[in-house]
Structure formats: C-alpha cells, structure tokens
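Chain by chain, the residues run as shown.
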Amino acid sequence: MPQLNSPGFAYKDLTKGLWDILSAVIPPAEAMDILKASSELAIVGFTDVGITTKALISILKVYGDEIKGAADAANILYLTQLRGITTIEEISQNIGMVTSMAKMAGLSIDELAASLMTMTRMSIPTNVAVTALRNTMKTFLSPSQEAKEAADKFGLTLNTVTLRQKGLIGVI
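Model, not experiment: these values are computed from the prediction.

Before going further, it helps to examine helix α4 (residues 70-83). Residues lying three or four places apart along an α-helix face the same way, a consequence of the helix completing one turn every 3.6 residues. For α4, which comprises 14 residues, the first-to-last C-alpha distance of 20 Å matches the rise-based estimate of 20 Å (1.5 Å per residue) to within 8%. Turning to α4, its buried residues number three or more, namely A70, A73, A74, I76, L77, T80 and Q81. With its buried residues spanning 155° around the axis, α4 presents them on a single face. In the core, the buried residues of α4 are packed alongside α2 (28-44), α3 (49-63), α5 (88-94) and α7 (109-121).

Listed below in structure tokens is the structure:
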C-alpha cells in the first residue's frame with residue numbers, strides 16, 4: 001500500500017480524492033493506485049489532488065481499455081504538459097469535456113493528447129483547444145449538410161469511419 005502522506009498533502013484532500021474515486025464506481029482495489037498517481041501528478045503539476053483525480057478518473061473511465069492504469073494516464077497528462085504550452089491544472093480542468101466524444105469518434109488517447117500538445121504549443125489556450133477538438137469531433141459524429149458538401153469538394157467523407165481510418169492528422 002502506498003504511503004500517501006509522504007507527498008505532504010493534507011489528509012482531508014486525500015480523503016476527498018478517494019471519495020471522488022469511489023464515487024466514480026471504481027473498484028476499491030484500484031482506488032489507492034489512482035490516488036497515488038493523482039498525488040504524484042499534482043506534485044509535478046503544481047496543483048492539487050482533487051483536480052488531478054478528476055482528470056485521471058475521466059481518462060480511465062473512457063480510455064481504460066487503451067491504457068495500463070492510473071500511472072499510465074498520469075504520464076500521458078504529464079507529457080501533454082511537458083510537450084505543449086499548458087499546465088496539469090488546465091489540462092485536468094478541461095480533458096473531461098472531450099474524452100467521451102473523442103473516444104466515440106475513434107480517437108485514441110495518444111491522438112487526443114498529441115492534438116492538445118500541438119494546439120497548445122501553437123499558443124492556443126487549453127480550453128480553446130478542447131473546444132476546437134470537441135467541435136471537430138461533432139462534425140464527424142453528426143455533420144451538417146453544408147459541412148458534408150464542403151468536405152465532398154476535397155474528397156472527404158465526414159463520418160467516424162473516415163476519422164478512424166485516416167486519423168485526426170490525416171483528415172486535417
């Protein structure tokens with residue numbers, strides 16, 4: 001069992017994080033690993049456990065089949081911060097708004113993270129990058145007639161099959 005008091009977090013913050021994890025119907029056997037990864041991510045991201053816990057829960061709930069666990073999810077968030085121009089706090093506060101839609105559209109967690117890295121590196125604020133990604137996913141999930149016609153001019157079909165086959169970079 002990890003020693004969660006070693007990072008220097010108050011027990012009430014850790015308890016709140018654990019409550020969020022268990023409230024998300026995550027098995028108790030996995031809860032401590034998530035809390036440990038959240039604590040470590042909060043330290044390297046200069047933020048609090050509550051913020052990082054919610055981000056990890058969001059990623060694990062949606063992309064749990066693609067990643068190896070909480071530590072892997074935390075590493076993805078850390079690398080997104082490291083290679084983009086953003087913070088763990090900004091990513092954590094916004095990632096939940098795009099994960100489900102990105103997964104439905106066929107984006108892997110790596111594509112999603114790479115998109116956020118690239119967009120924020122171009123000085124696009126994290127919340128704007130997430131909104132843009134959501135809108136892009138919406139276009140592929142339920143395109144308007146006008147969008148379909150515009151895409152046809154470029155030989156592109158707006159649907160999730162196209163997005164899954166070509167990837168986000170391939171369709172942009």
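All right, on to the confidence of the model for the protein chain then. For the protein chain, per-residue confidence averages 89 on the pLDDT scale, and 95% of positions sit at 70 or higher. Looking over the protein chain, one finds the lowest element-wise mean pLDDT in helix α1 (residues 11-23), namely 80, and the highest in α4, namely 96. Within the model, the stretch residues 1-5 combines pLDDT values under 50 with 10 contacts to residues more than four positions away or in other chains.

Okay, the environment of L141 next. Checked against the element boundaries, L141 lands in helix α8 (residues 126-141). The spatial distance from the C-alpha of L141 to the C-alpha of V161 is 9.7 Å, given a sequence separation of 20 residues. Sequence-distant contacts of L141, defined by excluding residues within four places in its chain, comprise M101, M104, A105 and T160.

Among the nonpolar cores identified, the biggest contains 50 residues, and I59, Y63, L77, L112 and L163 are the most heavily contacted of them. Looking at which element gives the most residues to this core, the answer is α3, with 8 residues. In contact with L77, other than residues within four places in its own chain, are L41, A55, L56, I59, I88 and I91.

Next up on the list: the packing of α2 against α3. Helix-helix packing is characterised by the crossing angle of the two axes and by the distance between the axes. Running from N to C, α2 and α3 cross one another at 125°; their axes reach a closest spacing of 8 Å. By the angle class used here, α2 and α3 are oblique. Crossing hand, α2 versus α3: right-handed. Between α2 and α3, the residues in contact are I34, L35, A37, S38, S39, L41 and A42 and V49, T52, T53, L56 and L60, respectively.

Position of T47 among the secondary structure elements: in the loop between α2 and α3. A polar contact is formed between the side chain of T47 and the side chain of E89, at a distance of 3.4 Å. Excluding residues within four positions of it along the chain, T47 makes contact with F9, A42, T52, I88 and E89.

About the thresholds
- Residues numbered from 1 in each chain as written.
- Predicted model: local features only at pLDDT ≥ 70, side-chain atom pairs only at ≥ 80, totals over all residues.
- Heavy atoms only, no water.
- Helix = DSSP H or I, 4+ residues; strand = E, 2+ residues; numbered from the N terminus.
- Expected span 1.5 Å × (residues − 1).
- Buried < 20%, exposed > 50% of the residue type's maximum accessible area, 1.4 Å probe, protein only.
- Arc of directions from axis to C-beta.
- Contact = heavy atoms within 4.5 Å.
- pLDDT = per-residue confidence, 0-100.
- Core = buried A, V, L, I, M, F, W, Y, C linked by side-chain atoms within 4.5 Å.
- Axes fitted to C-alpha atoms, helices over the stretch in contact; angles between N-to-C directions.
- Parallel < 35°, antiparallel > 145°, perpendicular 65-115°, else oblique.
- Left-handed = near helix turned anticlockwise from the far one by under 90°.
- Polar contact = N/O pair within 3.5 Å; in protein donor to acceptor, adjacent residues only side chain to side chain.

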